[in-house]
There are 2 protein chains.
Amino acid sequence: MGGKKDMMSGDDIRNAGLKVTLPRVKILALLEQSEQGHVSAEDVYKLLLDAGEDIGLATIYRVLTQFESAGLVTRHHFEGGQSVFELDRGEHHDHIVCIKCGRVEEFFDQMIEDRQQEIAKEKGFTVEAHALTIYGYCKNAACRAS
Amino acid sequence: MGGKKDMMSGDDIRNAGLKVTLPRVKILALLEQSEQGHVSAEDVYKLLLDAGEDIGLATIYRVLTQFESAGLVTRHHFEGGQSVFELDRGEHHDHIVCIKCGRVEEFFDQMIEDRQQEIAKEKGFTVEAHALTIYGYCKNAACRAS
DNA sequence: CAACAAATGAGATGCTTTTGCATTCTGCCA
DNA sequence: TGGCAGAATGCAAAAGCATCTCATTTGTTG
Ligand SMILES: [Mn+2]
Ligand SMILES: [Mn+2]
Ligand SMILES: [Zn+2]
Ligand SMILES: [Zn+2]
């Protein structure tokens, strides 16, 4: 349960019951190689354009949503309007985001995970998901000057 | 730091550097008495209409945003499109939301708060804010049937 | 390689939130 | 208390993000 995975391929697309099309392959590859790992649909659109792939924004949204349903991709709702996507490598984690430069770092803390379960139990809830995002200034010099 | 506050009034509006207008008074009163405590701008709009106050939706958004800047109100970005607002009574807390009926409960856990600080420190971040929301099914019978 | 279903692109559309502007209201002072 | 300047409001238009429609193109399978 929740194993690792390093490389996504056309097989993953096929296994999701989707046709292996050029847009899907390119989008998956981009997520794979993406510097930051956390990108908006528009980021994907522009990065692909830079790479010479003119794929419609509507298709990007559609594909990302399909990938999400298939469990290949995770969607986050950080502050700032646009949804942010990242490849789902099977290991849950939460995020800490720099509100100055946008840098995103990941973390996983079992203690926090456990406490959430306990809190939910106390309140009679069954946990399906959770979103924890810390916002602050990263160590970057330029981000320090508040 | 972070004291309690039970009743908001025109003074709070004035102290925020805002004129005490009917829309502002009504919106603040509604948040004060609101059943659920967590309402969208449209909720506010409709509830006020029901109460016979026809205040423009644009004004509601403007006022809520101003209240937020003034620290009278907190805005949350739960899943589901609309922003959710609540009166800021000065005591930080996080939320657990039923994805079936929408019920929102609040909790505060010092252990989770502390761990976040530690994690941020490890990563060289200065924490400015955080958002933790647990999603699941509440104890309500109708919400149990997954 | 034909045939058909699935997928794509471009633009329309939907929804939430913000903004521009003419009109109305508040707070303040004479 | 009356009047004024600036602030606030309402309405409609616009903006931002995401989804949908539909004609056309592209995988996939036999
Ligand atoms: Mn991540
Ligand atoms: Mn709350
Ligand atoms: Zn930074
Ligand atoms: Zn419920």
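Residues numbered from 1 in each chain as written. Chains lettered and ligands numbered in written order. Predicted model: local features only at pLDDT ≥ 70, side-chain atom pairs only at ≥ 80, totals over all residues. Heavy atoms only, no water.

Trainee: I keep staring at the environment of Leu31 of chain B and nothing clicks. Help me out?
Mentor: Residues and elements named next belong to chain B. Looking at the element boundaries, Leu31 is found in helix H2 (residues 22-33). Along the primary structure Leu31 and Asp88 are separated by 57 residues, whereas in three dimensions their C-alpha atoms are 9.8 Å apart. If near-sequence neighbours (up to four positions away) are discounted, Leu31 is found in contact with Val39, Leu64, Val73 and Leu87. (Helix = DSSP H or I, 4+ residues; strand = E, 2+ residues; numbered from the N terminus. Contact = heavy atoms within 4.5 Å.)

Trainee: Teacher, can you tell me more about the relation of the copies chain A and chain B here?
Mentor: Two copies of one chain are present, and they are related through a rotation about an axis combined with an axial shift. After a rotation of 179° and a shift along the axis of 0.0 Å, chain A superposes on chain B with an RMSD of 0.1 Å. These values place the two chain copies in the arrangement generated by a two-fold rotation axis. No C-alpha of chain A lies nearer the rotation axis than that of Leu132 of chain A, which sits 2.1 Å from it. Take the interface residues of chain A: 100% of them recur as interface residues in chain B, which is what a same-surface contact looks like. (Least-squares fit on C-alpha atoms with pLDDT ≥ 70 in both.)

Trainee: So what exactly am I meant to see when it comes to the coordination of the manganese ion (ligand 1) here?
Mentor: Four donors placed tetrahedrally about a metal ideally form angles of 109.5 degrees, and six donors placed octahedrally ideally form angles of 90 or 180 degrees. All names here are of chain A. Protein ligation of the manganese ion (ligand 1) involves His38 (NE2), Glu86 (OE), Glu86 (OE), His93 (NE2), His95 (NE2) and Glu106 (OE), the donor distances falling in the range 2.1 to 2.4 Å. The site at the manganese ion (ligand 1) holds 6 donor atoms, and with the angles between them running 57 to 165°, its shape is irregular. Counting along the primary sequence, the residues that act as donors to the manganese ion (ligand 1) give the motif H-x47-E-x6-H-x1-H-x10-E. Take Glu86: its relative accessible area is 5%, and that puts it in the buried class. (Donors = N, O, S within 2.8 Å, 3.2 Å for Na, K, Ca; no water. Tetrahedral: all angles 85-135°; square planar, octahedral: opposite > 155°, others 65-115°. Buried < 20%, exposed > 50% of the residue type's maximum accessible area, 1.4 Å probe, protein only.)

Trainee: Can you help me understand the pattern of salt bridges in this one?
Mentor: Any two side chains of opposite charge can pair, so long as their charged atoms come close to each other. Tallied over the full model, the rule gives 17 salt bridges over all chains. Residues Lys26 of chain A and Glu53 of chain A are paired through a salt bridge, measuring 3.6 Å at the closest nitrogen-oxygen approach. Of this pair, Lys26 of chain A sits in helix H2 (residues 22-33) while Glu53 of chain A sits in the loop between helix H3 (41-50) and helix H4 (57-69), and the two are 27 residues apart along the sequence. A relative accessible area of 31% places Lys26 of chain A in the partly exposed class. In this structure, Arg103 of chain B and Glu105 of chain B form a salt bridge, with 3.0 Å as the shortest nitrogen-oxygen distance. For Arg103 of chain B, a relative accessible area of 33% puts it in the partly exposed group. In this structure Glu105 of chain B comes out as buried when scored by relative accessible area, which is 16%. Taken together, the shared-partner salt bridges in this structure form one network comprising Arg103 and Glu105 of chain A together with Lys123 of chain B. (Salt bridge = Lys/Arg side-chain N within 4 Å of Asp/Glu carboxyl O.)

Trainee: Just to check I follow, could you spell out the protein's contact with DNA strand D for this structure?
Mentor: Taken together, 22 residues lie near DNA strand D, and Tyr61 and Ser83 of chain A together with Thr21, Thr59 and Arg62 of chain B sit nearest. Taken together, the sugar and phosphate atoms account for 67% of what DNA strand D places within 4 Å of the protein. Within the side chain of Lys19 of chain B, one N or O atom sits 3.0 Å away from a base nitrogen of DNA strand D. Between DNA strand D and Thr59 of chain B, the relevant distance is 2.6 Å, taken from a phosphate oxygen to a side-chain nitrogen or oxygen of the residue. The class makeup of the residues in the surface near DNA strand D is 8 nonpolar, 7 polar and 7 charged. (Near = heavy atom within 4 Å. Polar contact = N/O pair within 3.5 Å; in protein donor to acceptor, adjacent residues only side chain to side chain. Nonpolar A, V, L, I, M, F, W, Y, C, P; charged D, E, K, R; others polar.)

Trainee: How should I be thinking about the packing of H2 of chain B against helix H4 (residues 57-69) of chain B in this particular structure?
Mentor: Each packed pair of helices is defined by two parameters, the angle between the axes and the distance between the axes. Residues and elements named next belong to chain B. Orientation of H2 relative to H4, taken along the N-to-C sense of each, is 70°, at an axis distance of 10 Å. Taken together, H2 and H4 sit at an angle that is classed as roughly perpendicular. Taken together, the residues of H4 that come into contact with H2 (itself represented by Pro23, Arg24, Ile27, Leu28 and Leu31) are Thr59, Ile60, Val63, Leu64, Gln66 and Phe67. Counted by class, the contact of H2 with H4 contains 8 nonpolar, 2 polar and 1 charged residues. (Axes fitted to C-alpha atoms, helices over the stretch in contact; angles between N-to-C directions. Parallel < 35°, antiparallel > 145°, perpendicular 65-115°, else oblique.)

Trainee: Hey, could you run me through the interface of chain A and chain B in this one?
Mentor: Many structure descriptions define interface size as the accessible area lost when the parts assemble. Of the residues lining the interface, 35 residues belong to chain A; the matching set on chain B comes to 35 residues. Interface of chain A and chain B: buried area, both sides summed, is about 3,100 Å²; carbon and sulfur atoms make up 66% of it. Considering only the side of chain A, the residues that lose the most area to chain B are Lys123, Phe125 and Ile134 of chain A, jointly responsible for 20% of the buried surface there. Across the contact surface, chain A and chain B share 3 salt bridges. Lys123 of chain B is paired through a salt bridge with Glu105 of chain A; the nearest N and O atoms lie 4.0 Å apart. Looking at the side of chain A that touches chain B, the elements with two or more residues in it are strand S4 (94-98), strand S5 (104-107), helix H5 (110-123) and strand S6 (126-137) of chain A. (Buried area = accessible area lost by both parts, 1.4 Å probe.)

Trainee: Please explain the packing of helix H3 (residues 41-50) of chain B against H4 of chain B as it appears in this structure.
Mentor: All names here are of chain B. Where H3 meets H4, the closest approach of the two axes is 9 Å, and the angle between their N-to-C directions is 125°. Between H3 and H4, the angle falls in the class oblique. Of the two possible hands of crossing, H3 and H4 adopt the one that is right-handed. Listed contacts from H4 to Ala41, Glu42, Val44, Tyr45 and Leu48 of H3 are Leu57, Ile60, Tyr61 and Leu64. Taken together, the residues of the contact of H3 with H4 sort by class into 8 nonpolar, no polar and 1 charged. (Left-handed = near helix turned anticlockwise from the far one by under 90°.)

Trainee: Even after reading the chapter, I still don't get the sheet that holds S5 of chain A, so can you show me in this structure?
Mentor: Strand-to-strand pairing in sheets goes through backbone hydrogen bonds, with the strands running parallel or antiparallel. Taken in spatial order, the 6 strands line up as S5(A)-S4(A)-S6(A)-S6(B)-S4(B)-S5(B) in an open sheet, and their pairing is mixed. Of all the strands in the sheet, the pair left with one neighbour each is S5 of chain A together with strand S5 (104-107) of chain B. Looking at each pair of strands side by side, their axes are set apart by 20° on average, direction ignored. Packing of H5 of chain A onto the sheet brings it into contact with S4 and S6 of chain A together with strand S4 (94-98), S5 and strand S6 (126-137) of chain B, and relative to S6 of chain A it is tilted by some 130°. Packed on one face of the sheet, helix H5 (residues 110-123) of chain B meets S4, S5 and S6 of chain A together with S4 and S6 of chain B and runs near 130° to S6 of chain B. (Pairing = 2+ DSSP bridges.)

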